[in-house]
Amino acid sequence: MRGDAGTGPGTRNPEPGTRYDHLIIGGGVGGLAAAFRLRQRHPAARIVVCEAADRFGGVTASSVVDGFQCEHGPDSLVRTKPAGMRLVNDLGLGGEVIGTEPDARAGLIARGRRLVPVPEGLYLMAPGRILPFLRSPLVSWPGKLRMGLDLVIPPRTRPGREESLAAFVRRRLGREALERIAQPLVGGIYTADPERLSVAATMPLFLEAEREHGSLIRAMRRRVDAASASGPRYSLFATLRGGLGALVDRLVERLDGCELRTGCPVAGLARDGDGWCAATAAGPIRARRVVLALPAWAAARLVAPVDRTLADDLAAVPYAGVATISLAVPLADLDPLPAAAGFVVPAVEGRTLLACTFVHRKYAGRAPAGWAHLRAFVGGALHPGDTDCSDDDLKAAVRRDLGDLLGLRTEPRWLALHRWSRAMCQPEVGHRERTARIRTRAAQIPGLHLVGNGYEGVGIPDLAEQAERIAQPGEPSSK
Ligand SMILES: Cc1cc2nc3c(=O)[nH]c(=O)nc-3n(C[C@H](O)[C@H](O)[C@H](O)COP(=O)(O)OP(=O)(O)OC[C@H]3O[C@@H](n4cnc5c(N)ncnc54)[C@H](O)[C@@H]3O)c2cc1C
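Residues numbered from 1 in each chain as written. Predicted model: local features only at pLDDT ≥ 70, side-chain atom pairs only at ≥ 80, totals over all residues.

Another aspect to go through is the overall build of the chain. A tally of regular secondary structure across the chain gives 16 helices and 20 strands. A globule of 479 residues ought to have a C-alpha radius of gyration of about 23 Å, and the chain, at 23 Å, matches this closely. For the chain, the C-alpha atoms occupy an extent of roughly 70 × 55 × 45 Å along the three principal directions. Classification of the 479 residues of the chain by burial places 46% in the buried group. Within the chain, contacts between residues at least 6 apart in sequence are counted, and of these 74% link residues at least 24 apart. (Helix = DSSP H or I, 4+ residues; strand = E, 2+ residues; numbered from the N terminus. Rg over C-alpha atoms; globule rule 2.2 N^0.38 Å. Buried ≥ 20, exposed ≤ 12 C-beta atoms within 10 Å, placed from the backbone. Contact = placed C-beta atoms within 7 Å.)

Listed below in structure tokens is the structure:
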């Protein structure tokens with residue numbers, strides 16, 4: 001990771017009074033990808049990126065600790081959203097892509113002190129294979145029978161009020177399926193409260209499944225059959241050999257000729273003739289176009305003096321905090337780990353731990369032989385206080401949970417805690433309408449653009465797609 005404060009490599013020294021073509025505020029992957037796509041399309045454009053922190057990347061950062069390759073924030077790109085891999089390939093990083101290891105493509109769900117494999121064919125909430133599901137101890141027999149009613153419960157035909165994930169799953173599959181499967185597997189992706197998470201904004205596939213097949217189970221069976229017919233399973237997730245921090249490093253390298261400023265928080269934004277003026281400690285920065293590549297709440301603060309209505313909608317996008325704790329222990333100091341990428345913990349289990357990745361299993365080259373590299377997740381919308389606990393309390397709670405679930409018996413060789421406050425957007429009921437309002441309103445403000453995880457999707461591939469759109473011909477910012 002680049003940690004140099006000031007201006008980055010390849011920087012062009014600004015002349016006093018420079019008016020830039022594009023000012024990007026926020027140097028996370030979203031802002032850097034936007035600058036990269038604008039740079040590709042307009043090699044001669046004057047572009048400046050202002051990042052508040054003393055390094056680029058935002059929540060995306062990697063490091064090597066004692067021979068272990070660690071991620072501080074995101075660790076994977078989902079391949080089903082192609083803009084993420086397009087960005088990787090266009091940066092010349094295609095040769096660095098690695099998929100999840102073949103014996104780490106399954107998941108586990110905690111039940112008591114056991115880790116129960118996700119039954120073969122189960123997709124996020126509904127089983128696509130009946131026998132493995134019936135044999136699994138994940139859900140009780142009454143719970144399984146209730147899930148089976150999905151085959152006969154009529155689909156909702158009239159468009160009613162938008163449903164939360166919890167309401168949808170309870171209606172189709174019952175309470176146990178929600179508590180034991182959908183909450184940890186789907187809610188876990190967003191570290192969300194399923195009573196508030198919008199199923200339409202996050203899992204529209206299941207609404208379509210209900211509409212088209214009248215049953216989630218029938219739809220998932222077709223899906224599994226189609227997948228088996230289409231040949232061997234490929235890895236849904238990918239990363240870079242050197243971790244996703246390498247994506248940040250390469251983006252910075254490829255922004256040669258742009259002005260890259262770290263340690264440069266933008267404190268205010270105002271209209272300036274037909275452009276914009278940003279206030280920074282180093283003086284005003286003027287530009288024709290501005291891209292706010294920030295969490296929605298941070299964009300709200302800058303937009304407030306320009307458009308109160310837009311700022312109110314941006315400020316209303318909910319976010320949750322999360323913390324990750326990476327640790328290394330000899331494999332011999334754990335119970336034998338099942339062949340899986342990790343496990344999730346249902347909230348009804350009452351643990352601090354939300355999930356844990358077996359990093360050394362998930363991707364190759366993440367740990368020396370004989371060692372387990374684990375990454376625990378805590379916090380999220382259902383445990384908002386946990387990320388505020390002291391380091392010692394958090395580490396102790398994680399060690400306790402890993403002791404119960406993995407048989408962790410010794411002190412880890414090292415342990416690294418990373419806190420990310422207000423980092424995980426929560427696409428709650430009403431999110432799609434609010435995003436539509438935000439996009440419509442922002443489009444009416446000449447030269448203002450929004451990139452971030454508070455809008456159409458929360459992952460890096462979603463940001464990569466937004467970055468592409470900003471630089472498309474016909475898009476005002478691209479002129
Ligand atoms: C623990 C964790 C795990 C995740 N796992 C995955 C995953 O595996 N795959 C995936 O696709 N996604 C994952 N995500 C989500 C994804 O990482 C983020 O949505 C994405 O990286 C956000 O990028 P961004 O550039 O929009 O925002 P950020 O990374 O938050 O960057 C915004 C930047 O703006 C800067 N900034 C803020 N205010 C100002 C200001 N006023 N002036 C200048 N700069 C400012 C900040 O310092 C920051 O660097 C994960 C997120 C977290 C927290």
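What follows picks up the thread again.
Turning our attention to the pairing of strand β4 (residues 62–65). In terms of strand pairing, β4 meets strand β5 (residues 68–71) through four bridges, oriented antiparallel. Among the inter-strand pairings, V65 is bridged to a residue of β5, identified as F68. Between β4 and β5, which pair antiparallel one after the other, the connecting turn spans two residues, and D66 there sits at a positive phi close to 55 degrees. (Pairing = 2+ DSSP bridges.)

This next bit is on the sheet that holds strand β10 (residues 237–240). Pairing between sheet strands relies on hydrogen bonds along the backbone, with the strands arranged either parallel or antiparallel. If you walk across this open sheet you meet the three strands as β6-β10-β7, and the pairing is antiparallel. The open sheet is flanked by β6 (77–78) and β7 (97–99), the only strands paired with a single partner. Both β7 and β10 contribute to a ladder of three bridges, which runs antiparallel. The partner of I98 across the bridge, within β10, is T239.

Among the nonpolar cores identified, the biggest contains 131 residues, and L23, I25 and L32 are the most heavily contacted of them. Apart from residues lying up to four places away in sequence, L23 is in contact with V48, C50, W276, A278, I285, A287 and V290. (Core = buried A, V, L, I, M, F, W, Y, C linked by C-beta atoms within 7 Å.)

Moving on: the site of the ligand. For the ligand, the set of nearby residues contains 36 residues, the closest of which are G28, G30, G58, P74 and G459. Looking at the shell around the ligand, the elements that each hand over two or more residues are α1 (29–41), β15 (319–330), β19 (414–425) and α16 (460–470). (Near = placed C-beta within 6 Å.)

We now examine the domain arrangement of the chain. When the domains of the chain are assigned, the result is domain 1 (6–58 + 241–317 + 430–478), domain 2 (118–229) and domain 3 (319–425). Contact residues are listed per partner, giving 10 residues for domain 2 and 14 residues for domain 3. Taken together, the residues of the side of domain 2 that touches domain 3 break down into four nonpolar, three polar and three charged. (Domains from an automatic or database assignment. Nonpolar A, V, L, I, M, F, W, Y, C, P; charged D, E, K, R; others polar.)

What follows covers the environment of S198. Along the chain, S198 falls in the loop between α6 (175–190) and α7 (199–202). When neighbours within four sequence positions are excluded, S198 is seen to be in contact with E162, S164, P427, E428, V429, H431 and R432.

Let's shift gears to the sheet that holds strand β17 (residues 353–358). Strand order across the open sheet formed by seven strands is β9-β8-β16-β17-β18-β15-β19, with mixed pairing between neighbours. Each edge of the sheet is formed by a strand with only one pairing partner; in this case those strands are β9 (114–117) and β19. The sheet shows a mean angle of 25 degrees between the axes of neighbouring strands, direction not considered. Two strands pair when backbone bridges link them, and β15 and strand β18 (residues 371–379) are joined in this way by nine bridges, in the antiparallel orientation. Considered in β18, the bridge of A328 is made with H373. (Axes fitted to C-alpha atoms, helices over the stretch in contact; angles between N-to-C directions.)

Attention now goes to α1. An ideal rise of 1.5 Å per residue puts 18 Å on 13 residues; α1 measures up with 18 Å between its terminal C-alpha atoms. Counting buried residues along α1, 10 of its 13 residues qualify, which places the element largely inside the surrounding structure. Every buried residue of α1 is accounted for by V29, G30, G31, L32, A33, A34, A35, F36, R37 and L38. (Expected span 1.5 Å × (residues − 1).)

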